[in-house]
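# Remarks on the overall topology
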Amino acid sequence: MLLAATSRPAGGVSLVGAGPGDPDLLTLRALRRLASADVVLYDRLVSAEVLALANPAAEFVYAGKGPGQQEPVQAEIFRLLLEFAQAGKHVVRLKSGDPLVFGRGAEEAEFLLAHGIPCEIVPGISSAIAVPGHAGIPVTYRHLASSFTVVTGHARKEGRIRWAHHVHSDTLVILMGVETRAAIATELIAAGRNPHQPVAFIENGCTSREHVIETTLAEVAAGLVEVTAPAIFIAGEVVRLRHKEVASHVAASA
Ligand SMILES: C[S@@+](CC[C@H](N)C(=O)[O-])C[C@H]1O[C@@H](n2cnc3c(N)ncnc32)[C@H](O)[C@@H]1O
């Protein structure tokens, strides 16, 4: 299905992961694609610092989606990708984290390939792992957490998330779960997860605005925890291991 290209497709599209925010966490390939792009079509969570590394002569097109805008904006993104690529431009389709993790990157690649447009995937560092790690929380730990599950908290009507399926995963990493946090925590407790289990929300991870809130599943379920998006919601015993000195050392040396 997907074309695994290793060189820049001429008159094509590179679906590039921008990583979790800090430009130091871009891959070298992402940097090279940005430097030679004719057009950069970027999402809401892509940081200004990452955009500043792109070819200054490129055309920059914002393609962020607000609430209720998912489908109309996605249709416009498909249209723009096709138009620019058919005009012979090299388009960098820049998405936060990894383009294939809750980023609709695979749908865009399928669409482009169906229209005969060369397309490559440039993987990025996903916030699902990088944001907890940067904040000093390991997603696995010997004898304590041998599995982790990454789940979206943003359930579309036709695909409701079955939290009971995920209840036995040692560490749960929930993306897009800020708005629905109380309902998620309530369902997890109802499905058998320990209400006293530690939880962290990491807001704006891997940026200078990173902020960590430590709490429990029961407090989240009770609606007692204020959180601002974007944030990673992580539930598991590993939260107790948070190495605060790791996080502060990294912040100080950045
Ligand atoms: C549409 S998903 C995209 C995920 C992305 N493709 C990835 O691999 O990281 C957006 C969600 O990712 C999480 N996220 C992305 N970047 C983040 C950051 N720097 N700090 C905290 N959460 C982040 C948030 O939960 C946000 O709602």
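Please refer to the structure higher up on the page.
Parameters and conventions
Residues numbered from 1 in each chain as written. Predicted model: local features only at pLDDT ≥ 70, side-chain atom pairs only at ≥ 80, totals over all residues. Heavy atoms only, no water. Pairing = 2+ DSSP bridges. Helix = DSSP H or I, 4+ residues; strand = E, 2+ residues; numbered from the N terminus. Axes fitted to C-alpha atoms, helices over the stretch in contact; angles between N-to-C directions. Contact = heavy atoms within 4.5 Å. Buried < 20%, exposed > 50% of the residue type's maximum accessible area, 1.4 Å probe, protein only. Near = heavy atom within 4 Å. Polar contact = N/O pair within 3.5 Å; in protein donor to acceptor, adjacent residues only side chain to side chain. Nonpolar A, V, L, I, M, F, W, Y, C, P; charged D, E, K, R; others polar. Domains from an automatic or database assignment. Salt bridge = Lys/Arg side-chain N within 4 Å of Asp/Glu carboxyl O. Arc of directions from axis to C-beta. Phe/Tyr/Trp six-rings, centres within 6.5 Å; stacked < 30°, edge-to-face > 60°.

Take the sheet that holds strand β8 (residues 198-203) next. If you walk across this open sheet you meet the five strands as β6-β7-β10-β8-β9, and the pairing is mixed. Pairing within the sheet leaves two strands with one partner each, and these edge strands are β6 (148-152) and β9 (211-216). Neighbouring strand axes in the sheet, compared pairwise and without regard to direction, differ in orientation by 20° on average. Summarising the sheet, β8 and strand β10 (residues 231-235) pair through five bridges and their orientation is antiparallel. Bridge assignment links I202 to a residue of β10, and that residue is I232. Lying over the sheet, helix α5 (residues 127-134) contacts β6, β7 (171-175), β8 and β10, oriented at roughly 80° with respect to β10.

Moving on to the pairing of β10. β10 sits mainly inside the fold: five of its five residues count as buried. Side-chain alternation along β10 places A231, F233 and A235 on one buried face and I232 and I234 on a second face that is also buried. Note: β7 against β10, three bridges, orientation antiparallel. Within the sheet, the bridge partner assigned to L172 lies in β10 and is A235.

Residues in contact with the ligand amount to 18 residues; listed here are only the nearest, V101, S126, S127, G205 and A231. In this structure, D98 approaches the ligand through a main-chain N or O atom, which is 2.9 Å from a nitrogen atom. At 2.8 Å from a nitrogen atom of the ligand is found a main-chain nitrogen or oxygen belonging to G205. Breaking the shell around the ligand down by element, the ones donating at least two residues are α5 and β10. Among the residues forming the shell around the ligand, the class breakdown is 11 nonpolar, six polar and one charged. For the shell around the ligand, the domains that each give at least three residues are domain 1 (13-125) and domain 2 (128-253).

Right, let's get into the pattern of salt bridges. Under the criterion given, the structure shown has nine salt bridges. Note that E107 and R104 form a salt bridge whose closest N and O atoms lie 3.0 Å from each other. Classification of E107 by relative accessible area gives partly exposed; the value is 36%. With a shortest N-O distance of 2.7 Å, E214 and R242 are connected by a salt bridge. In this pair, E214 sits in strand β9 while R242 sits in the loop between β10 and α8 (244-253), placing the two residues 28 residues apart along the sequence. Owing to a relative accessible area of 38%, E214 belongs among the partly exposed residues under this scheme. Ionic contacts of the salt-bridge type, sharing partners, join the residues D43, R93, K95 and E108 into one network.

By secondary structure assignment, the location of L41 is in strand β2 (residues 39-42). C-alpha separation for the pair L41 and V91, spaced 50 residues apart in sequence, amounts to 7.2 Å. Those residues in contact with L41 that lie beyond four places of it in its chain are V61, A63, I77, L80, L81, V92, R93 and L94.

Okay, helix α1 (residues 28-35) next. For α1, the complete set of buried residues consists of A30, R33 and L34. With its buried residues spanning 100° around the axis, α1 presents them on a single face. Within α1, the exposed residues directed more than 90 degrees away from the buried face are L28 and R32. Packed against the buried residues of α1 are β1 (13-17), β2, α2 (48-51), β4 (91-95) and β5 (119-122).

We now examine the packing of aromatic side chains. Given two aromatic rings, one states the distance between the centres and the angle between the planes to describe the pair. Tallied over the entire structure, the rule returns three aromatic pairs. Aromatic pair F201 and F233: ring centres 4.6 Å apart, planes at 40°, arrangement tilted. Of this pair, F201 sits in strand β8 while F233 sits in strand β10, and the two are 32 residues apart along the sequence. Taken as a pair, F201 and F233 share a single burial class, namely buried.

On to the sheet that holds β1, then. Strands sit in the order β3-β2-β4-β1-β5 across an open sheet of five strands; the sheet is parallel. Of all strands in the sheet, those bounded by a partner on one side alone are β3 (59-62) and β5. Going from strand to strand, the sheet's axes swing by 20° on average, the running direction of each strand aside. The sheet contact formed by β1 and β5 spans four bridges and is parallel. Note on β5: the bridge partner recorded for V13 is C119.

By themselves, these are just geometric observations and shouldn't be taken as functional.
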